[in-house]
Amino acid sequence: IYRSTSSTTLPSFLLVGPSGAGKTALLTLFERGQHVETRTSQVPISVEVSLPVSTNAASLKYRSVNDPSNQVHKKFLLADTPGHGKLRHYAFDGVIKPQNLKGIIFMVDAADISMGNSGSGNEALRQAAEYLHDILLLLQKRSTSSKTSKAPKELPVLIAANKLDLFTALPAPLVRTALESEISNVRSSKTKGLLDSGIGMNDLDIGEEKEWLGDGGDGKFEFSQMDEVNVAVSVAGGNVLGADGQDDHSNTSPAPQR
Ligand code: GTP
Ligand code: MG
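Residues numbered from 1 in each chain as written. Chains lettered and ligands numbered in written order. Predicted model: local features only at pLDDT ≥ 70, side-chain atom pairs only at ≥ 80, totals over all residues. Heavy atoms only, no water.

Looking now at the overall build of the protein. Scanning the protein from terminus to terminus reveals six helices and six strands. Its helices and strands in sequence order give the protein the pattern β-α-β-β-α-β-α-α-β-α-α-β, from N to C terminus. Scored against the burial criterion, the 258 residues of the protein give a buried share of 42%. Excluding contacts between residues fewer than 6 apart, the proportion of contacts in the protein whose partners are at least 24 apart in sequence is 77%. About 13,700 Å² of surface is accessible on the protein, with carbon and sulfur atoms providing 52% of the total. (Helix = DSSP H or I, 4+ residues; strand = E, 2+ residues; numbered from the N terminus. Buried < 20%, exposed > 50% of the residue type's maximum accessible area, 1.4 Å probe, protein only. Contact = heavy atoms within 4.5 Å. Areas by Shrake-Rupley, 256 points an atom, 1.4 Å probe, with all protein chains shown as cover.)

With that settled, the discussion passes to the coordination of the magnesium ion (ligand 2). Thr24 (OG1) and Ser41 (OG) make up the full set of protein donors to the magnesium ion (ligand 2), lying at 2.0 Å. Of the two residues, Thr24 sits in helix α1 (residues 23-32) while Ser41 sits in the loop between α1 and β2 (45-51), which places them 17 residues apart along the sequence. Taking relative accessible area as the criterion, Thr24 reaches 16% and is therefore assigned buried. Relative accessible area serves as the criterion here: at 15%, Ser41 is assigned to the buried category. (Donors = N, O, S within 2.8 Å, 3.2 Å for Na, K, Ca; no water.)

Taken together, 23 residues lie around ligand 1, and Ser19, Thr38, Thr40, Gly83 and Val240 are the ones closest in. At 3.2 Å from an oxygen atom of ligand 1 is found a main-chain nitrogen or oxygen belonging to Ala21. Here an oxygen atom of ligand 1 and a backbone polar atom of Ser41 are 2.7 Å apart. Isolated, ligand 1 exposes 660 Å² of accessible area, and the fraction of that covered by the protein chains is 88%. In terms of residue class, the shell around ligand 1 is built from seven nonpolar, eleven polar and five charged. (Near = heavy atom within 4 Å. Polar contact = N/O pair within 3.5 Å; in protein donor to acceptor, adjacent residues only side chain to side chain. Nonpolar A, V, L, I, M, F, W, Y, C, P; charged D, E, K, R; others polar.)

Attention shifts here to the confidence of the model for the protein. Within the protein, residue pLDDT values average 81, and 69% of them lie at 70 or more. Every residue in residues 116-120 is under pLDDT 50, and counting partners more than four places away or in other chains gives three contacts. Confidence over residues 243-258 falls short of pLDDT 50; this stretch has 39 contacts with residues more than four positions distant or in other chains. Interface confidence in the predicted complex, given as ipTM, is 0.99; pTM for the same model is 0.83. (pLDDT = per-residue confidence, 0-100.)

Attention now moves to the environment of Pro18. Within the element layout of this structure, Pro18 appears in the loop between β1 (12-16) and α1. Counting along the chain gives 148 residues from Pro18 to Leu166, while the straight-line C-alpha distance between them is 18 Å. In this structure, Pro18 is in contact with Lys23, Gly83, Arg88, Phe106, Met107, Val108, Ala128 and Tyr131, ignoring residues within four places of it in sequence.

Moving on, we get to unusual backbone geometry. Backbone geometry places Lys163, a non-glycine residue, at a positive phi of 70 degrees. Checked against the element boundaries, Lys163 lands in the loop between β5 (155-162) and α5 (172-196). Judged by its relative accessible area of 23%, Lys163 is partly exposed.

This brings us to the sheet that holds strand β6 (residues 231-237). If you trace the six strands from one edge of the open sheet to the other, you get β2-β3-β1-β4-β5-β6, paired in mixed fashion. If you trace the sheet from one side to the other, it starts and ends with β2 and β6, each paired once. Within this sheet the neighbouring strands show an average axis-to-axis angle of 25 degrees, counted without direction. Sheet topology note: the β1/strand β3 (residues 74-80) ladder contains four bridges and is parallel. Following the sheet pairing, Phe13 is matched in β3 by Leu78. The strands that α1 touches are β1, β2, β3 and β4 (101-109); relative to β3, the one it contacts most, it runs at about 155 degrees. (Pairing = 2+ DSSP bridges. Axes fitted to C-alpha atoms, helices over the stretch in contact; angles between N-to-C directions.)

Glancing now at the nonpolar core. If you look at the biggest cluster of nonpolar residues, it comprises 41 residues, and the most contacted ones within it are Ile104, Leu136, Leu139, Ile159, Leu179 and Phe223. Ranked by residues supplied to this core, first place goes to helix α4 (residues 123-144) with nine residues. In this structure, Leu26, Leu29, Ile105 and Leu158 belong to the second largest nonpolar core, which totals 18 residues. (Core = buried A, V, L, I, M, F, W, Y, C linked by side-chain atoms within 4.5 Å.)

A few words on the environment of Val49. With respect to the secondary-structure elements, Val49 resides in strand β2. Overall, the relative accessible area of 4% leaves Val49 in the buried class. Each C-alpha atom, one on Val49 and one on Gln127, is 30 Å from the other, the two residues being 78 residues apart in sequence. Among residues more than four places away in sequence, those in contact with Val49 are Phe30, Glu31, Lys74, Lys75, Phe76 and Leu78.

Structure follows, in structure tokens:
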């Protein structure tokens, strides 16, 4: 299944997000340096890619410019997962069993999210928010289920608002607020669903309960609430394809940079 099984100790980044977001397009761009038309993924694919010599990882910024390690390609693994609702266990597995996981990229189609704002609500936004909610909840559980009181290792999550070459796409700051408010809805409707199913309020124990994402309050969910469990969420916009059909990935962050 995995195209590259060799070096599991390489730093790795996990690509997740709804179907059609452009995850495999980004992976093939990294792998081949050009855009190749993709099909919906049914299995995860992991490839070894490297940053150009000229690009320095943020973690190396304190090294001397003459450091010989600057002269080699910085290799890492990029793991692509299928976005289809029935195949998300691959992504969840990738989150739960981190080998040398350095960051998670949650990619969304910013043009898809912006559509259907009128009328019956935005199904694409709801699905993206539900998926992101589940990923973040898994990450939150890393700390609530840990036996020591020590906070878990920091893990950045980059929300990549893709397809900004399309004029219908929502700009990254609006993708952020749209997802935050829709996750608020997901959070309360999940809780309501549990209550309706006969679970008592006491059993639920909201606030400390592991099923409740973010802080205990019933206000709005904000990504900053993930800081407490050492998950730093940032949002960046970009596009894998250029509007003119040329490859233009200058806007797409290859990896979370902090
Ligand atoms: P699943 O494998 O089903 O989870 O989807 P995916 O996230 O891997 O999507 P994929 O990479 O296959 O891309 C879906 C479609 O979006 C393809 O037709 C891509 O060419 C297109 N696409 C990807 N990135 C961009 C972009 O930046 N702009 C535009 N306009 N189209 C894009
Ligand atoms: Mg794919």
